[in-house]
Each structure stands twice: as C-alpha cells, then as structure tokens.
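Given next are the chains, with one letter for each unit.
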Amino acid sequence: MRYNSEVISNNKEKLNSKKTSRKNNLIKRLLGSRNLGDLIFERLTLLFAVLVFLLIVFMGYEMYTQSKLSISKFGWHFLFNTTWNPVDEVFGAAPAIFGTLVSSFLALLISLPLGLGVAIFLSELSPSWLEKPLSFLTELLAGIPSVVYGLWGIFILVPWLRTVVEPFLMKHYGYLPFFKGVPYGFGMLAAVIILSIMVLPIISSISRDVLKAVPTSQRAAAFALGATKWESTKIVLANARTGILGATMLGMGRAVGETMAVTMVIGNRPMISASLFNPSYTMASVLANEFTEATSDLYLNSLIELALILFIITIIINIAARLLVWSMERKWKKA
Amino acid sequence: MNVVDKIKTVQEPARFFSEKDNIKILVKNLSAFFGKNKVLKNIYIDIPEKKVIAIIGPSGCGKSTFLRNLDRMHEVVGGTITGSITFDGEDIMQMDPVYVRRKIGMVFQKPNPFPTMSIFNNVVAGLKLNGFKNKKKLSEIVEKSLKQAALWDEVKDMLNESGGAISGGQQQRLCIARTLAVNPEVILMDEPASALDPISTAKIEELIFELKKNYTIVIVTHNMQQAARVSDYTAFFFMGELVEFSETNKMFTAPDKKQTEDYITGRFG
Amino acid sequence: MEKSITQKANYYRRKTTNVFMMSLTLLSALVAILPLLFIFYYTISKGISHLNIDFFIKMPTPVGETGGGMANAIIGTLILLGIGGGIGLPIGIMTGTYLSEFGNNKFGFMIRFLTDVLSGVPSIVVGVIAYTLVVIPMKHFSAFAGGVALAILMIPIITRTTEEMIKLVPHSYREAGLALGIPKWKISISIVIRSAWKGIATGILLGLARAAGETAPLLFTALGNRFWSIKIFQPIASLTVYIYEYATAPFTDWNEQAWTASLVLISLISIMSLLFRFITRSKYKNVN
C-alpha cells in the first residue's frame with residue numbers, strides 16, 4: 001500500500017514539474033521568439049492602413065447611399081437627360097458630363113503637344129545649366145492654386161478673349177460651328193485654355209520621367225547609325241509611347257476633376273452647344289456652385305449622384321493611366 | 001536507450017573537442033535552406049571559448065550562410081534550418097533573437113556605421129537604443145570600446161563628427177567598437193577586411209589577436225594567408241558541407257583530406 | 001566617297017527637319033513658361049496695391065464699404081492646415097511605414113493601389129465625402145469638416161512619399177542594428193525612419209502646400225465666415241474661399257483684395273517650401 005502511495009506521489013510530483021516546465025517553456029517561447037515591441041509596432045501601423053482602406057471603401061458606399069433617391073427616380077435617364085432644372089426638380093447630367101468631357105479633351109489637345117515638347121526639350125536637348133531652372137519653373141506652375149488661375153482668368157484672360165481673340169476668330173473662321181455665337185469671353189474657350197495651362201505641368205513632368213527612363217543605349221545606337229537628334233528622339237518617343245499615353249491619361253484625370261478655375265470662367269450654364277464661345281457647365285462646377293443651395297433632398301441626392309459619376313470617371317481614368325505607366329517601367333526594368 | 005536512439009547517436013561524427021574544453025557554441029546536424037534550396041548540409045562543429053576559428057572555402061560554399069546562422073541573421077532573409085545550435089547549452093532558436101544577437105555580435109564585410117549619428121552615438125547605438133541613458137557611463141564605454149578597437153587615439157577629438165566622416169578602415173574599426181560596446185561573448189566577422197586596404201587589414205588582424213583574449217571569434221575569410229596568420233582552428237567548407245576541421249597549423253601543413261589539400265594549394269577555388 | 005544628288009538632298013532635308021522640330025520644342029518650353037510669368041506678374045503688380053498692415057490685422061468690412069483686411073481668412077487657412085495636418089500626417093506616415101515594413105502581401109498591394117486611386121479623386125468629390133462624413137452628422141458646417149477634407153487630400157501624398165523614402169534606406173543599416181541585438185521596431189523607428197525623415201518631410205511639405213491652395217472642398221465643409229472665429233466646430237474663413245468670393249463679386253475694391261489675397265497665399269506656400277528646405281539641411285558637413 002505504502003509502496004503504491006509513494007509511487008503515486010512520486011508520479012504526481014513528476015507530473016507537476018512537467019506542467020510547470022511546460023508552462024515555462026510556453027512563456028519563453030511566446031516572449032522569446034517574438035519580441036513584444038515588434039508586435040505592437042506591426043499592429044499599430046496595420047491599424048492605420050486599415051483605416052485608409054475603410055475610408056476609401058466608405059467613400060464609394062456613402063456616395064451611393066446618399067444618392068439613392070435620385071437614382072431610383074431617374075435611373076439611367078439621369079445620364080442622358082439634357083435638362084438640369086433645380087426649380088422644377090428635373091435633373092439630367094448630360095450637359096455637365098458633356099462640358100466636363102469636351103473641355104478636358106480639348107485642353108488635352110493643346111497641352112499634349114506642348115507638354116511633350118517641353119519634355120523632349122528638357123530630356124534630349126537642353127544644356128544641363130538650363131534644365132534644372134526650367135523644370136523647376138514648370139513644377140512651380142503646378143503649385144499655383146486653382147483659384148489664383150481662376151482670378152487671373154476672370155480679369156486677364158477673359159477680357160483678352162472677349163476683345164481680341166474671339167472677335168478675330170469670328171471674323172476669319174466664323175463659318176465654323178465652333179466660332180459662332182456672341183463672344184462673351186466667359187465660356188468653353190476660356191475654360192479650355194486655363195485647363196490646358198493647368199494640365200501641362202503634369203504631362204511634361206511625367207513625360208520627362210518616362211523619356212529619361214529610356215536607356216541611353218537606345219539614343220547611342222541611333223547616333224551610331226548617323227541619325228540626327230530629332231530622328232533619335234523619334235525612336236525614344238516610340239519606346240516611351242505607353243508611358244506618354246499614361247501621362248496623358250493622368251492629365252485627363254486632373255482636367256476632369258478641376259473645379260475652381262473652370263467654374264470661374266466657364267459661364268456656368270447647363271447647355272450643350274458646338275460653339276466654343278458659349279458658356280458651359282462641368283460636373284465639378286455644378287457641385288461647387290449649387291451644393292450649398294440644395295434645398296430639397298432630391299436636389300442634394302442628384303448632386304451627390306453627380307459626384308459619384310465624377311468619382312467613377314476619374315477612378316477609371318486613373319487606373320488605366322497607372323497601368324500604362326507601370327507597364328512601361330516594368331518593361332525597361334526587365335530589359 | 002532503445003535501438004532507434006542508439007542508431008541515431010552512432011551516426012553522429014566524433015567530436016573534435018572533449019568534455020574538458022569549454023565549448024561556447026555547439027552545432028549539431030545543421031542544415032540550412034533558402035526555400036527548398038539546401039545550402040548547408042548536416043554540419044557538426046564545436047566552437048571553443050576564447051579562440052579564433054577561421055572558416056575558409058571557395059565562393060558559394062556556404063561559409064557566410066553558416067556564420068549568419070550563429071546569430072540568427074539567416075532567418076531575417078527568410079532562411080530556415082533543421083538541426084540545432086546551442087550557445088552555453090541553450091538552443092538559440094528557443095531564445096529571444098534579440099538576446100542572442102546581443103550575446104553574439106557580428107561585423108560585416110562592408111563597414112556600415114550609421115551616417116545620421118555621431119561617432120560617439122554610433123559606438124553606443126546598441127546600448128542607447130535599448131534604453132541605456134547614463135551619460136557618464138556611456139562616455140566610459142565609448143572610450144573603452146574605441147580603445148579596444150584601436151581607434152580611440154585617431155577619433156578622440158572628433159567624437160561628435162558623423163560616423164560616415166572617417167576612412168573605410170576607421171569605419172570598420174568603429175563597427176567593431178560598436179559591437180564590443182554591447183559586451184558580447186562571441187564576435188562573428190564576415191570577411192571584415194576584404195573591403196579595406198592592406199594597412200587597415202593589418203590593423204584589423206592585430207586587433208583580432210588582442211580581442212581573442214576576451215572574446216570567442218569566428219571569422220569567415222577568403223584569404224587563406226589571413227586565416228593562417230590569425231586563427232587557432234580552421235574549418236574548410238565546400239559546397240555546403242564541412243569537409244575538415246582542425247588546428248590551423250595542421251590544416252595548412254598536413255591536412256587530412258585531399259580536397260582540403262587541393263584547395264589550400266590552389267588547385268581550385 | 002561621292003554623295004549622289006539625292007543623298008545630298010536627303011541629308012539637307014533631314015538636317016532642316018531636325019532644326020525645325022528642335023526649335024519647336026524650344027518654343028513650347030518658352031510658351032509653357034509664359035503663363036507662369038504672366039500670373040506672377042499680375043499677381044504681384046495688382047496685389048501690391050492693397051498689401052499693407054491692415055490686410056493682415058483687420059477684418060473684412062461690410063458689403064459696399066472699402067478697406068478692411070483678411071485677418072480672419074489668414075488665421076483660418078492656418079487653422080485648417082493644422083487640423084488637416086494633425087489628422088492626415090499621422091495616418092499618412094503610419095500607413096507609409098506599414099507598407100514599407102510589412103506591406104509585401106496582398107493587403108499591402110491593395111492599400112497601395114487604393115491610395116493611388118485616392119490621389120486621383122478630384123478635390124471637390126473629397127469635399128462631398130467630408131460633407132457626408134462630418135457635416136451631415138454634426139448638422140452644421142465647421143472648420144473640423146474642412147480639416148477632414150484636407151486630411152483626405154494629404155494622405156495619399158504623404159503615404160507614398162513615406163513608403164518610398166523608407167525603402168531607399170540601405171538594408172545594411174537594418175543589418176547592423178539587428179546584429180547589435182536591437183529589436184526590430186526600434187531599428188525601424190530610430191535608425192531607418194531617422195535616415196529617411198528628410199524625404200518624408202518633403203512629402204509632408206508637398207501635402208501641406210497642396211492643401212493650402214485648395215478651395216473646392218472647403219466650399220461646403222468649412223463654408224466661410226465673415227467674422228473672426230477660431231472655433232473648430234464652427235464655420236471658418238480661408239484665404240482660398242475668400243479669393244473665390246471676392247473675385248466673383250461685383251465690387252472693384254473686393255476684386256483688388258482678391259489679388260492681394262492671392263499674393264499672400266502664394267507667398268505663404270513659398271515660405272513653407274523655403275522653411276522646410278531650411279529645416280532639412282544637412283547637420284554634418286561631410287556625410288558619405
């Protein structure tokens with residue numbers, strides 16, 4: 001009997017000591033293989049990253065829910081209806097969408113060749129003493145606030161258009177539908193010009209980066225074959241065309257979202273016309289002008305739906321642009 | 001001991017050192033992997049206390065990987081191992097890696113002082129960043145470590161200059177001082193002089209002679225003459241395996257294995 | 001070697017094309033700077049007229065009266081930047097740190113992608129978001145709502161710059177720190193981020209400069225205020241909104257003040273830029 005109880009108590013001791021040593025090992029392993037500070041650091045930074053994620057998801061979701069009223073009332077017709085009448089509560093986004101797309105597209109027509117020209121000049125042609133100050137100046141252009149552009153537009157650009165440019169165009173090219181109508185100064189033409197100035201720095205700086213990413217071996221090969229500078233540049237451009245397309249799309253994205261400068265010179269009337277002299281409206285301008293005046297829920301919902309459309313358009317343009325720029329950079333990293 | 005255990009112990013190679021010698025680090029059946037790639041194969045090696053062990057071998061034989069396993073730097077780049085490494089009897093993989101690295105310090109091939117810190121702060125970086133604040137004590141440690149690294153006389157008047165403002169050889173000695181300041185027991189050196197000029201190299205070798213009085217040193221080198229000059233024992237690695245381990249004198253005059261002899265006489269590598 | 005006639009003609013044609021195209025690019029460079037010069041010229045020449053102490057100390061006068069200043073707007077812009085920075089800076093830096101230290105997984109990829117998307121969202125849409133996020137629940141406009149809008153605009157820039165600057169720090173610094181037995185998180189903060197902070201500060205500056213020039217998102221968040229107010233949960237004035245209002249108003253005196261406000265705003269942005277360059281200058285003379 002005693003023998004048995006001794007064995008039992010011996011075994012009990014063995015079990016207990018095994019338990020405590022197992023517990024000690026567990027603690028050692030928990031604290032030992034993973035430092036506590038590291039864990040906190042990782043979780044804390046993760047928390048903020050999750051916050052950013054939630055914010056963006058929330059953005060899309062909120063805009064959708066806050067525009068439910070007008071979505072249910074107008075449906076797809078919202079996109080095609082050309083009447084935007086707050087008084088009668090009929091909301092069609094077509095004029096605003098038209099204004100946004102046309103003004104951006106035309107602006108790009110001007111700023112693409114100019115921006116590309118600047119980029120080519122800076123990366124291929126200019127002597128190094130000129131390159132730094134010149135590129136600094138173009139970036140300075142990008143830093144000027146939109147309202148200041150608008151201010152300049154109202155008091156300098158518009159009068160000039162009204163008194164000099166538009167009458168000139170009317171006189172010599174008035175048979176074209178683009179130059180009919182009364183030259184107010186304010187209107188699509190003013191918006192297009194200001195937009196092109198604002199988009200130019202984006203196109204020129206990204207294009208310059210893209211051109212610089214093309215290895216000098218390409219240019220060297222061209223020169224070794226007896227090419228002129230321009231011919232070598234054509235080859236570099238061909239290599240960089242995906243990236244330049246990406247730069248253009250980023251510029252388009254910026255133009256589409258540009259608000260203040262455009263609002264101040266575009267005349268703010270929801271009409272669709274071919275003439276550049278006529279006032280127009282962009283989605284961003286509608287929001288800027290009318291958001292604080294939305295008196296009814298339907299009005300507010302329609303405005304938010306407009307914001308949602310603008311949001312989606314810019315996202316699509318930006319995604320496409322980034323993909324293009326990325327693919328170009330990857331192509332040269334592999335080579 | 002049942003039959004299986006008996007067979008397992010029989011397959012282990014005979015140990016070079018006996019129980020009498022003080023073994024600081026014991027490596028048993030170490031195999032190291034990068035993903036599926038086995039870069040070290042079944043290494044058995046004993047690192048005795050307060051001696052200099054040189055690791056030699058041709059490029060790509062795994063010597064740096066082996067060294068990095070000793071202070072758990074292998075896992076930092078995503079490597080894995082099987083087998084065990086014990087330090088003073090304890091398995092280092094079960095210990096806090098931060099603790100392991102304080103006890104087993106490392107000097108790298110390319111000197112890497114912190115350029116945003118002064119020389120003073122570089123030396124005590126390991127202490128300051130672990131919360132040590134006593135200014136007087138820190139100054140003492142700076143002087144002691146720099147003297148141990150044979151750098152004190154050259155920089156004692158410029159302790160507030162940037163750690164990057166001195167020459168390559170001085171930077172490497174600064175890194176050694178920095179390693180010494182945290183009071184390790186073992187110092188691992190990964191080709192410490194290969195990026196330096198001959199005079200700095202000679203200074204570093206003198207330093208190793210002095211240091212081994214107080215520290216265990218394991219040095220990887222591709223320079224066989226350096227290994228012959230500096231070390232007490234030498235290990236020859238080839239293609240991830242430990243080919244031979246013996247006293248340095250013997251290794252370079254009468255090696256056991258033909259492969260060792262071929263490498264030492266320059267027939268390959 | 002004799003050149004045939006067609007070869008010679010070809011050669012000259014190519015040469016002429018070359019000179020022509022290259023001059024075109026020079027021309028476009030000049031044309032591109034022209035608006036910049038115009039804007040600076042007009043802003044300075046027209047803005048100087050009202051640039052006096054009154055502008056900085058006095059409040060705007062009632063409609064129709066001349067004189068007065070924009071003291072409330074100047075303070076308002078600074079307060080909005082403070083709120084926006086206070087929210088946006090920590091979020092941006094922490095997220096950038098997460099992406100560079102731990103972000104090599106699917107979640108990190110998605111965050112990176114989403115911040116890129118966020119950077120392309122027009123500022124007016126961000127204003128609408130801040131409206132639904134803050135103004136609607138609070139039931140009135142406030143400086144806080146404006147600050148939130150500005151923070152959302154700053155986050156992508158700061159995140160991306162922080163991540164890229166941290167990634168530029170050489171791996172050898174981390175290795176050295178690890179080998180000394182310093183815990184990973186201490187290495188990230190005291191060694192890596194400390195090496196990268198100048199680049200990070202540049203990102204912060206870029207974010208602040210962009211936010212300072214924003215008008216659209218403030219129009220229906222911070223709204224504007226004709227009186228002196230530094231209360232965070234009330235509407236607040238800002239330079240940009242004032243420029244908009246005064247530029248589009250029918251009063252010449254107000255129009256002129258708009259130019260002055262533009263001058264002050266551009267100077268503010270330039271001063272921020274210079275200040276940052278000063279702060280981030282190298283402490284040591286010769287650093288490798």
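All of these numbers come straight from a predicted model, not from anything done at the bench. (Residues numbered from 1 in each chain as written. Chains lettered and ligands numbered in written order. Predicted model: local features only at pLDDT ≥ 70, side-chain atom pairs only at ≥ 80, totals over all residues. Heavy atoms only, no water.)

What about the overall build of chain A?
Along chain A, the regular secondary structure elements total 13 helices and two strands. With 335 residues in all, chain A has 49% of them scored as buried. Working note: accessible area of chain A is about 16,400 Å², and carbon and sulfur atoms make up 66% of it. (Helix = DSSP H or I, 4+ residues; strand = E, 2+ residues; numbered from the N terminus. Buried < 20%, exposed > 50% of the residue type's maximum accessible area, 1.4 Å probe, protein only. Areas by Shrake-Rupley, 256 points an atom, 1.4 Å probe, with all protein chains shown as cover.)

Focus: the nonpolar core
Of all hydrophobic cores here, the largest spans 242 residues; its most connected members are Phe66(B) and Leu146(B). Filtering out sequence-adjacent residues up to four positions away, Leu146(B) remains in contact with Val123(B), Leu151(B), Trp152(B), Val155(B), Leu159(B), Leu174(B) and Ala177(B). (Core = buried A, V, L, I, M, F, W, Y, C linked by side-chain atoms within 4.5 Å. Contact = heavy atoms within 4.5 Å.)

Some points on the sheet that holds strand β2 (residues 37-48) of chain B
All names here are of chain B. The sheet built from four strands is open, its strands ordered β2-β1-β4-β5 with antiparallel pairing. Looking at strand neighbours, the two that pair on one side only are β2 and β5 (90-91), the edges of this open sheet. When strand β1 (residues 23-34) meets β2, the two strands line up antiparallel, connected through eight bridges. Note that in β2 the partner of phenylalanine 34 across the bridge is asparagine 37. Packing of helix α2 (residues 63-70) onto the sheet brings it into contact with β1, β2 and β4 (80-87), and relative to β1 it is tilted by some 120 degrees. (Pairing = 2+ DSSP bridges. Axes fitted to C-alpha atoms, helices over the stretch in contact; angles between N-to-C directions.)

Some points on the interface of chain A and chain C
Taken together, the 74 residues of chain A in the interface contact 75 residues of chain C. When the buried surface of chain A facing chain C is broken down by residue, Phe41(A), Leu151(A) and Trp230(A) rank first, second and third, together holding 10% of it. One can count one salt bridge joining chain A with chain C. Between Arg14(C) and Glu231(A) there is a salt bridge, with the nearest N and O atoms lying 2.8 Å from each other. Examining the composition of the side of chain A that touches chain C, we find that 20 residues originate from one element, helix α2 (residues 36-66) of chain A, more than from any other. (Buried area = accessible area lost by both parts, 1.4 Å probe. Salt bridge = Lys/Arg side-chain N within 4 Å of Asp/Glu carboxyl O.)

Some details on the side chain of Glu258(A)
Here Glu258(A) shows up in the loop between α10 (229-257) and α11 (260-265). Excluding anything up to four places from it in sequence, Glu258(A) contacts Ser146(A), Leu195(A), Met198(A) and Ala284(A).

Examining the sheet that holds strand β3 (residues 52-56) of chain B
Residues and elements named next belong to chain B. Strand order in the open sheet formed by six strands is β6-β7-β8-β3-β9-β10, with mixed pairing between adjacent strands. Each having just a single partner strand, β6 (104-107) and β10 (241-247) make up the two edges of the open sheet. Strand-to-strand twist of the sheet, defined as the mean angle between neighbouring strand axes without regard to direction, takes the value 20 degrees. With four bridges joining them, β3 and strand β9 (residues 233-238) adopt parallel strand pairing. Within β9, the position partnered with isoleucine 55 by the bridge is alanine 235.

A look at the interface of chain C and chain B
Listed as interface residues are 20 residues of chain C and, on the opposing side, 32 residues of chain B. Scanning the region where chain C abuts chain B turns up four residue pairs in polar contact (both at pLDDT 80 or more). When contributions to the side of chain C that touches chain B are tallied by element, the ones reaching two or more residues are α7 (171-179) and α8 (184-212) of chain C. With seven residues, α7(C) is the largest single contributor of residues to the side of chain C that touches chain B. When grouped by side-chain class, the residues that make up the side of chain C that touches chain B number 10 nonpolar, seven polar and three charged. (Polar contact = N/O pair within 3.5 Å; in protein donor to acceptor, adjacent residues only side chain to side chain. Nonpolar A, V, L, I, M, F, W, Y, C, P; charged D, E, K, R; others polar.)

Side note on the pairing of β4(B)
Residue and element names in this part refer to chain B. Across seven bridges, β1 lies against β4 in antiparallel orientation. By the bridge assignment, valine 27 is partnered in β4 with isoleucine 85. Note: β4 against β5, two bridges, orientation antiparallel. The partner of threonine 86 across the bridge, within β5, is aspartate 91. Hairpin connection of β4 to β5: two residues between the antiparallel strands, including aspartate 88 at a positive phi of 50 degrees.

Some remarks on the domain arrangement of chain A
Residues and elements named next belong to chain A. Examined at the domain level, chain A breaks down into domain 1 (2-71) and domain 2 (77-334). Taken residue by residue, the interface counts 10 residues in domain 1 and nine residues in domain 2. Where domain 1 touches domain 2, the interface holds zero salt bridges. The tally of links between domain 1 and domain 2 comes to four residue pairs in polar contact (both at pLDDT 80 or more). Looking at the side of domain 1 that touches domain 2, the elements that each hand over two or more residues are α2 and α3 (68-74). Here the element with the most residues in the side of domain 1 that touches domain 2 is α2; it accounts for five residues. When its residues are assigned to classes, the side of domain 1 that touches domain 2 shows five nonpolar, four polar and one charged. (Domains from an automatic or database assignment.)

Regarding the pairing of strand β7 (residues 186-190) of chain B
All names here are of chain B. Most of β7 sits inside the fold, with five of its five residues counted as buried. Burial along β7 is two-sided: Val186, Leu188 and Asp190 and Ile187 and Met189, pointing in opposite directions, are all buried. As defined by bridge partners, β6 adjoins β7 across four bridges and the pair is classed as parallel. Looking at β7, one finds that glycine 105 is bridged to isoleucine 187. Bridge analysis of β7 against strand β8 (residues 216-220) gives five bridges, and the strand direction is parallel. Across the sheet, aspartate 190 pairs through a bridge with valine 220, a residue of β8.

Overview of the packing of aromatic side chains
One pass over the structure, following the stated rule, counts 27 aromatic pairs over all chains. Members of the aromatic cluster, connected to one another through ring pairs, are Phe41(A), Phe53(A), Tyr98(C), Phe102(C) and Phe107(C). For the cation-ring pair, Arg178(B) lies above Phe114(B), with the distance from its terminal atom to the ring centre recorded as 4.6 Å. (Phe/Tyr/Trp six-rings, centres within 6.5 Å; stacked < 30°, edge-to-face > 60°. Lys NZ or Arg CZ within 6 Å of the ring centre and 35° of its normal.)

Structural notes on the pattern of salt bridges
Side chains that carry opposite charge are capable of pairing whenever their charged atoms lie near each other. Scanning the entire structure with this criterion turns up 25 salt bridges over all chains. Through salt bridges that share partners, Lys24(B), Asp88(B), Lys103(B) and Glu185(B) make up one connected network.

Regarding a nonpolar patch on the surface
Residue and element names in this part refer to chain C. On the surface, Ile44, Ile48, Leu51, Ile53, Phe56 and Ile57 cluster together into a nonpolar patch covering about 570 Å² of accessible area. The element that contributes the greatest number of residues to the nonpolar patch is helix α2 (residues 53-57), accounting for three residues. Positionally, isoleucine 48 belongs in the loop between α1 (5-47) and α2. A relative accessible area of 46% means that isoleucine 48 is categorised as partly exposed. (Patch = residues over 30% accessible without salt bridge, like charges linked within 9 Å, V, L, I, M, F, W, Y side chains within 5 Å.)

Considering the domain arrangement of chain C
All names here are of chain C. The domains assigned to chain C are domain 1 (2-49) and domain 2 (57-279). Relative to domain 2, the C-alpha centre of domain 1 lies at a distance of 37 Å. With seven residues of domain 1 at the interface, the matching set in domain 2 holds six residues. Of all residues in domain 1, the largest losses of buried area upon contact with domain 2 belong to Thr43, Lys46 and Gly47, amounting jointly to 63% of the total for that side. Between the two partners, domain 1 and domain 2, sit zero salt bridges. Joining domain 1 to domain 2, the criterion identifies one residue pair in polar contact (both at pLDDT 80 or more). Residue composition of the side of domain 1 that touches domain 2, grouped by class: four nonpolar, two polar and one charged.

Some points on unusual backbone geometry
All names here are of chain C. Even without being a glycine, lysine 139 presents a positive backbone phi close to 65 degrees. As for its placement among the helices and strands, lysine 139 is situated in the loop between α5 (123-138) and α6 (143-168). We classify lysine 139 as exposed; its relative accessible area is 74%. For leucine 223, which is not glycine, the phi dihedral falls at a positive 65 degrees. By the element assignment, leucine 223 lies in the loop between α8 and α9 (239-247). The exposure class of leucine 223 is partly exposed, given its relative accessible area of 28%.

Brief notes about the environment of Phe74(A)
Residues and elements named next belong to chain A. Here phenylalanine 74 is to be found in helix α3. Sequence separation of phenylalanine 74 and phenylalanine 91 is 17 residues, and the distance between their C-alpha atoms is 8.0 Å. The residues contacting phenylalanine 74, other than those within four sequence positions of it, are Glu89, Val90, Phe91, Leu298 and Ser302.

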